[in-house]
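Structural overview for review
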Amino acid sequence: MARDLLLTRNIGIAAHIDAGKTTTTERILFYTGVNHKLGETHEGSSTMDWMEQEAERGITITSAATTCDWIFPKENGEPTEDAQSYHFNIIDTPGHVDFTVEVNRSLRVLDGLVFLFSAVDGVEPQSETNWRLADNYKVPRIGFVNKMDRQGANFLEVNKQVKEMLGSNAVPIVLPIGDEGDFRGVVDLVRNRAVVWHDENFGATYDVVPIPEDMKEEVREYRALLIEEVASYDENLLEKFMEDEDSITEQEVHAALRAAVMDMAIIPMVCGSSFKNKGVQFLLDAVCRYLPSPMDRESVIGVNPDTDKEERRRPDVKEPFAALAFKIATDPFVGRLAFFRVYSGRLDAGSYILNNRSGKKERISRIYQMHSNKQNALDYIEAGDIGAAVGFKDIKTGDTMSDEKHPIVLESMDFPDPVIGIAVEPKTKADVDKMGMALSKLAEEDPTFTVRTDEASGQTIISGMGELHLDIIVDRMRREFKVEVNQGAPQVEYKEAITRAAQHREVYKKQSGGRGKFADIQFTLEPADEGKTGLDFISAIKGGNIPKEFIPSIEKGFKQAMVNGPLAGYEVDAMKVTLTDGSYHDVDSDQLSFELAARIGFRNAAKAAKAVIMEPIMKIEVITPEENMGDIVGDLNRRRGQMSDMGDRAGAKTVKATVPLSEMFGYVTTLRTLSSGRATSTMEFSHYAETPSNISEEVIAAAKGVES
Ligand SMILES: Nc1nc2c(ncn2[C@@H]2O[C@H](COP(=O)(O)OP(=O)(O)OP(=O)(O)O)[C@@H](O)[C@H]2O)c(=O)[nH]1
């Protein structure tokens, strides 16, 4: 029987590191009956962290999609008469900045988000980054304030921070009962009743009790606030609210709140302690109640590659099949998996899809749904659902899979270029091929990880988003592919850019007895127009001064030239070339002559076009005790840092700055020394900027040094 899409929830769990995503996910799997034994993450038995080193490091690295079912509503653990089974697909998103791209791609395919905060630490740097990303993708969310059992937990303070620091309309829909170690339940402000969880049975059952006497005033105040917020969103309710506030029913509040959440006008805030088994079921109920189903999403827009016209796909099984592959992973049991979200139609196991990037048909032999540590094979999968395909040859992250008769390309995902690289070589010569294979597999899984051979030194350079990112890649090579490697020191991935327009004429001529070579081109080389990347090539040749068949070769020559910039061999990201004039020789001119003329011409024109070295600039945020602030700011200044903001956070000081990546190697150690281990920092890529001349001279000299 077809599944009711209204009862599906595709959700993610986002947070700063250590807020408790893994613990919360495990509790969800426990309550939904998938996982009967609770694994404590840091003892290494965690179900979501199936990759060994994730458990070892205690952080979640990859986003695995996990499926489970939740019966709702229930009363004291028992389904009510009108209860229905909700189908959840949960994507576990990583908290570390080096993996922001993972968060990005999950957000793209999700419908709603549970946003976790630590009740003690509140809004942390990575919560801000992830919150902003969720804003960009317009993902409705519920706030879950976890760790209410810990000393210093403060639910209302976190609410305030969400309002003030994240600029969102956080509205508590519960109030905690009992402080810290005594935290035992919540007052449900919509239903105006108190729920206290039993300690035994992992909190699976609870009692409904009268609202504690000493909370009555506070409950009245916050319930009034909630009703007011909901009423101000819904006009009909507003009228009722003005006339007789008490006549507003529970169902009306739920319905209006649901609409406000989907419109991102309200962020309902709940609280609990995943570790102490409290509040998680309430959270699951809130997901069913307020977060959108795939049906609530607008239809997706794509382009038909045959007609170049825009087309839409509604979340309907009767529409042609369209899906987006959002993650490629290697599973120890079933092999390579492509996780995909189905936007429309249906896919049967064993049938064919069209991959619009390659233009090839692919047979999807099996479809799985992942239950964190085991896989369920499905006969088919329908619109709105998330699954994993097996048996494909060439599917990459961001590819659209569609019905072959109704091709469509959904908007692909943009990924930032890697900013840091290291040279790697296998410890034993025999492992050369094995290393190559391992690296190409890993690069296939991760669009922010690239592998290249340095032309000058012949070394294999792997590049990624940060030191931790590359550490993990090297670790995975060792564990999953059994390749031991030696690695060099981390190096910055510079870029080169053209900053000024220059005209140039290049005549390429060779006379060697018989047939020679001849190409003559005149062109303007200049910076690309705002927002354009790659080569913007315009041919303004008139009267056949250069025959048409040579023009593509000239374009190709410029494109190739961009791979190795003129100053130090770093890539040029964007430039514009206008071919203005030229000439040819009847006998000696051929395609290769023109291609070479472009490559050489680019190098010769680069000086006049003022080529510069560009370096990655990082955004850093440091949280520090006040007494170390002066030292930390002084140190950042010495690293060419530019302070952008200083403020307070939960009794500590924060420093935000932008600083070149090249100055930041080993920063964590320095920070530890400066603050006796009390300050913490997070860093992420911000943008590329021109290097000061002394630095670019060093970079150029270093590149030349390798060549000579
Ligand atoms: N006291 C208390 N500790 C908790 C709670 N939830 C999680 N923790 C602890 O906080 C630590 C981090 O929890 P995780 O679940 O690994 O956090 P995470 O957000 O998945 O972390 P990353 O994967 O590193 O991003 C662990 O030691 C947990 O036991 C809670 O409700 N109360």
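Residues numbered from 1 in each chain as written. Predicted model: local features only at pLDDT ≥ 70, side-chain atom pairs only at ≥ 80, totals over all residues.

The line we're drawing: UniProt positions are given in the numbering used here, feature names are shortened, and annotations may be inferred rather than shown by experiment.
As named in an unreviewed UniProt entry, the protein is Elongation factor G, taken from Gelidibacter gilvus. Its UniProt record gives the protein the following Subcellular location (unreviewed entry) comment, quoted word for word: "Cytoplasm". Per its UniProt entry, the protein bears the Sequence similarities (unreviewed entry) comment "Belongs to the TRAFAC class translation factor GTPase superfamily. Classic translation factor GTPase family. EF-G/EF-2 subfamily."

**Digging into the overall build of the protein**
Using the following cut-off: Strands are runs of DSSP state E lasting at least two residues, helices are runs of H or I lasting at least four, and both sets are numbered from the N terminus onward. As defined in this context, the radius of gyration uses C-alpha atoms, and a globule is described by 2.2 Å times the residue total to the power 0.38. Around each residue's C-beta, the other C-beta atoms within 10 Å are counted; 20 or more make the residue buried, 12 or fewer make it exposed, and counts in between make it partly exposed. All C-beta atoms are placed from the backbone. Here, residues touch in the contact sense if the C-beta positions derived from the backbone fall within 7 Å of one another.
Within the protein, the secondary structure is distributed over 16 helices and 38 strands. Its C-alpha atoms give the protein a radius of gyration of 29 Å, within 12% of the compact-globule value 27 Å for 708 residues. The dimensions of the protein, computed from C-alpha atoms along their principal axes, are 100 × 65 × 60 Å. Per-residue burial over the protein gives 44% buried out of 708 residues. Relative to all contacts within the protein whose residues are 6 or more apart in sequence, the contacts with residues 24 or more apart total 72%.

**Observations regarding the environment of Ala609**
Within the secondary structure layout, Ala609 lies in the loop between helix 13 (591–605) and strand 35 (611–624). Its 22 C-beta neighbours within 10 Å are what place Ala609 among the buried residues. As a C-alpha pair, Ala609 and Glu555 span 54 residues in sequence and 18 Å in three-dimensional space. The contacts of Ala609, once residues within four sequence positions are left out, are Ile498, Arg500, Ala501, Ala502, Leu525 and Glu526.

**Looking at the packing of helix 10 (residues 432–445) against helix 11 (residues 467–481)**
Applicable threshold: For every element, the axis is a line fit to its C-alpha atoms; helices are fit only across the contacting stretch, and the angle between N-to-C directions ranges from 0 to 180 degrees. What makes a crossing left-handed is the near helix being turned counterclockwise from the far one by less than a right angle; a clockwise turn instead makes it right-handed. Gly is put with the polar residues, along with every residue not named as nonpolar or charged; the nonpolar set is Ala, Val, Leu, Ile, Met, Phe, Trp, Tyr, Cys and Pro, and the charged set is Asp, Glu, Lys and Arg.
The geometry of helix 10 relative to helix 11 is characterised by a closest axis approach of 10 Å and an angle of 120° between their N-to-C directions. With respect to the hand of their crossing, helix 10 and helix 11 are arranged in right-handed fashion. Seen from helix 10, the contacting residues are Lys434, Met435, Ala438 and Leu442; seen from helix 11, they are Ile473, Arg476, Met477 and Phe481. Class assignment of the residues belonging to the contact of helix 10 with helix 11 gives a composition of 6 nonpolar, no polar and 2 charged.

**What about the sheet that holds strand 8 (residues 185–188)?**
Our working definition: A strand pair is defined by DSSP finding two or more bridges across the two strands.
Strand order across the open sheet formed by 4 strands is 7-8-9-10, with antiparallel pairing between neighbours. In this open sheet, the two strands that pair with only one neighbour each are strand 7 (174–177) and strand 10 (206–209). When the angles between neighbouring strand axes are averaged without regard to direction, this sheet yields 25°. Of the strand pairs in this sheet, strand 9 (residues 193–197) and strand 10 are connected by 4 bridges, and their pairing is antiparallel.

**Examining the packing of helix 14 (residues 629–638) against helix 15 (residues 667–675)**
Defined as follows: The labels follow the angle: roughly parallel below 35 degrees, roughly antiparallel above 145, roughly perpendicular from 65 to 115, and oblique for the rest.
Between helix 14 and helix 15, the least distance of the axes is 9 Å, while the angle of their chain directions is 150°. Classified by the interaxial angle, the pair formed by helix 14 and helix 15 is roughly antiparallel. The two elements helix 14 and helix 15 cross, and the hand of that crossing is right-handed. Residue-level contacts link Asp631, Ile632 and Asp635 of helix 14 to Thr670, Leu674 and Ser675 of helix 15. Of the residues contributing to the contact of helix 14 with helix 15, the split by class is 2 nonpolar, 2 polar and 2 charged.

**Topic: the nonpolar core**
In summary, soluble globular proteins display a tendency toward joint burial of nonpolar side chains. The following threshold applies: Working definition: the nonpolar core is a set of buried Ala, Val, Leu, Ile, Met, Phe, Trp, Tyr and Cys residues, joined through C-beta atoms within 7 Å.
One finds Val114, Val270, Ala338 and Phe340 to be the most contacted residues of the largest nonpolar core, which totals 107 residues. The leading source of residues in this core is helix 9 (residues 280–290), at 7 residues. Those residues within four positions of Val270 in sequence are excluded, and the remaining contacts are Ile142, Phe144, Ile173, Val174, Gly279, Phe282, Leu283 and Ala286.

**Quick word on the confidence of the model for the protein**
Which entries qualify depends on this criterion: Known as pLDDT, the predictor's confidence for each residue is given on a scale from 0 to 100.
Of all residues in the protein, 92% attain a pLDDT of 70 or more, and the chain-wide mean is 86. By mean pLDDT, the top-scoring element of the protein is strand 11 (residues 267–271) (98), and the lowest-scoring one is helix 2 (residues 52–57) (43). Of the regions scoring below 50 in pLDDT, residues 34–63 engages in 71 contacts with residues more than four places distant in sequence or in other chains. For this predicted complex, the interface confidence score (ipTM) comes to 0.97, while the overall pTM stands at 0.73.

**Observations concerning helix 11**
As a reminder, the rule being used: A helix is expected to span 1.5 Å multiplied by its residue count minus one. This arc describes the spread of directions from the helix axis toward the C-beta atoms.
Here helix 11 spans 20 Å end to end across 15 residues, near enough to the 21 Å set by a 1.5 Å rise per residue. Taken as a whole, helix 11 has its buried residues at His469, Leu470, Ile472, Ile473, Arg476 and Met477. Seen along its axis, helix 11 keeps its buried residues to an arc of 155°; they face one direction.

**Remarks on the pairing of strand 26 (residues 450–453)**
Both strand 26 and strand 27 (residues 460–464) contribute to a ladder of 4 bridges, which runs antiparallel. The residue of strand 27 that forms the bridge with Arg452 is Ile461. Connecting the antiparallel pair strand 26 and strand 27 is a turn made up of 6 residues, with Gly458 showing a positive phi of about 75°.

**Observations concerning the sheet that holds strand 17 (residues 352–355)**
The strands making up a sheet are joined through hydrogen bonds of the backbone, oriented either antiparallel or parallel. Ordered by their spatial adjacency, 8 strands build an open sheet running 18-17-23-14-15-22-19-20, and the pairing between neighbours is antiparallel. The two strands at the open ends of the sheet, each matched to only one other strand, are strand 18 (360–363) and strand 20 (375–378). Averaged over all pairs of adjacent strands, the angle between strand axes in this sheet comes to 40°, irrespective of strand direction. Where strand 15 (residues 335–344) meets strand 22 (residues 386–390), 4 bridges bridge the pair, whose relative direction is antiparallel. Bridge assignment links Arg341 to a residue of strand 22, and that residue is Ile386.

**Some points on the pairing of strand 35**
Here strand 35 lies mainly inside the structure; 12 of its 14 residues are buried. Pairing of strand 30 (residues 495–498) with strand 35 involves 4 bridges; the strand directions are antiparallel. Bridge pairing links Glu496 to Ile613 in strand 35. Across 10 bridges, strand 35 lies against strand 38 (residues 680–690) in antiparallel orientation. Looking across to strand 38, one finds that Ile623 is bridged to Thr680. Pairing between strand 35 and strand 37 (residues 652–660): 8 bridges, direction antiparallel. The residue of strand 37 that forms the bridge with Thr624 is Lys653.

**Some points on unusual backbone geometry**
Cis geometry marks the peptide bond from Phe72 to Pro73; its omega dihedral reads -5°. Tracing the backbone shows Pro73 in strand 2 (residues 65–75). Non-glycine residue Asn192 carries a positive phi angle of around 55°. On the secondary structure map, Asn192 appears in the loop between strand 8 and strand 9. Residue classification places Asn192 among the exposed positions, given that 12 C-beta atoms sit within 10 Å. Of note in the backbone geometry, Met264 takes a positive phi value of approximately 60° without being a glycine. Relative to the elements of secondary structure, Met264 occurs in the loop between helix 8 (250–262) and strand 11. For Met264, a count of 15 C-beta atoms within 10 Å gives the class partly exposed.

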